[in-house]
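# Structural features, examined
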Amino acid sequence: GNHENFERLYNYPVEEWHGGKVHQIRESVIHLMRGEIFNIDNKKFFTFGGARSHDIMDGILNIDEYEKIYEYRKRDYSWWDLELPTDEEMKSGIKNLEKVNYKVDYIISHCCPTSIQTLLNLFYKKDTLTDYLQKISEKCEFKKWYFGHYHDYRQVNSQFTLLYENIVPLEFNSILK
């Protein structure tokens, strides 16, 4: 997502799990790192979290500036610079996709490619991450792409599914209308 405490999250130990890198939070809680490919039940999953916050139009304050102002996001408290991926994370994602000849079964991301975002709402602005995911969508072979940043439920087309609170079986072809 984009509302995680990334400073804290990135301090957890990095381990390998099903062929990709994860942050081990607890014994039964792991964070799938950006740009990794995981082999689970003979299926390949490419994961790429992060998104630009849409709720920061009024600005972001530094922690020492917000004593009694509650309507703003607060840097390193409720907003983190690392909500968007680093260049290194994006390059690593491309290298991992190259290793599998850009063929995966599923893509799990928080936001979506620019073209899909435009279908959701013409007023959403593209950014480096949506453009990065756009390039991946144009080059990569995949069955389904699931994302949730936009807080809705929508089967955008046969490949792209916007999920918010639903849990769906991976081979399920449509969600509630």
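### Overview of the sheet that holds strand S3 (residues 29-32)
With antiparallel pairing, the 3 strands of this open sheet are ordered in space as S1-S2-S3. Edge positions in the sheet fall to strand S1 (14-17) and S3, since each has one partner strand and no second. Within this sheet the neighbouring strands show an average axis-to-axis angle of 50 degrees, counted without direction. One ladder, built from 4 bridges, connects strand S2 (residues 20-26) with S3; its direction is antiparallel. Directly across from Gln 24, in S3, lies its bridge partner Ile 30.

### Comments concerning the sheet that holds strand S8 (residues 106-109)
Read across the open sheet, the 6 strands follow the order S4-S5-S8-S9-S11-S10; overall the sheet is mixed. Only two strands of the sheet have a single neighbouring strand rather than two, namely strand S4 (36-40) and strand S10 (154-155). Strand direction decides the pairing type here: strand S5 (residues 43-48) and S8, joined by 4 bridges, are parallel. Residue pairing across strands places Phe 46 opposite Ile 107, the latter belonging to S8. In this fold helix H4 (residues 128-139) packs onto S5, S8, strand S9 (144-147) and strand S11 (160-162), with an angle of close to 155 degrees to the strand it touches most, S5.

### Digging into unusual backbone geometry
The backbone of Asp 41 sits at a positive phi, close to 50 degrees, despite the residue not being glycine. Tracing the backbone shows Asp 41 in the loop between S4 and S5. On the basis of relative accessible area, Asp 41 is assigned to the exposed category, the value being 69%. Even without glycine at this site, Tyr 102 takes up a positive phi of about 55 degrees. As for its position among the elements, Tyr 102 is in the loop between helix H2 (87-99) and S8. According to the relative accessible area criterion, Tyr 102 is buried, its value standing at 10%.

### Details of the side chain of Asp 127
Summarising the element assignment, Asp 127 is placed in the loop between helix H3 (114-120) and H4. By relative accessible area, Asp 127 is classed as buried at 11%. A distance of 2.9 Å separates a polar side-chain atom of Asp 127 from the backbone nitrogen of Thr 130.

### Some points on H4
Helix length check: H4, at 12 residues, gives a terminal C-alpha distance of 17 Å against a target of 16 Å (1.5 Å per residue), a fit within 8%. Here H4 has its buried residues at Leu 129, Thr 130, Tyr 132, Leu 133, Gln 134, Ile 136 and Ser 137. In this structure, the buried residues of H4 make contact with S5, H2, S8, H3, S9 and S11. Looking at where H4 begins, the residue whose side-chain oxygen comes 2.8 Å from the main-chain nitrogen of Leu 129 is Asp 127.

Thresholds, definitions, all that
Once a new chain begins, its residue numbering starts again from 1 and follows that chain's sequence as written. It should be noted that, the model being predicted, local features are given only for residues of pLDDT at least 70 and side-chain atom pairs only at 80 or more, the latter also being counted only at that level, while totals for whole chains, interfaces and linings use all residues. To get the side-chain values, all heavy atoms of the structure are used, and hydrogens and water are removed first. Two strands make a pair as long as DSSP finds a minimum of two bridges between them. Helix and strand assignments come from DSSP, with helices taken as H or I runs of at least 4 residues and strands as E runs of at least 2, each series counted from the N terminus. Helix axes use the C-alpha atoms of the stretch in contact, all axes being lines fitted to C-alpha atoms, and the angles between their N-to-C directions lie in the range 0 to 180 degrees. By the convention used here, residues are in contact when the closest approach between their heavy atoms is within 4.5 Å. Exposure categories follow from relative accessible area, calculated using a 1.4 Å probe and restricted to protein chains: below 20% of the type maximum is buried, above 50% is exposed, and the middle band is partly exposed. Throughout this description, a polar contact denotes any pair of N or O atoms lying within 3.5 Å of each other; where both atoms belong to protein, one of them has to be capable of donating a hydrogen while the other can accept it, and for residues adjacent in sequence the pair is counted only when both atoms sit in side chains. Here the expected span of a helix is defined as 1.5 Å times the quantity of residues minus one.

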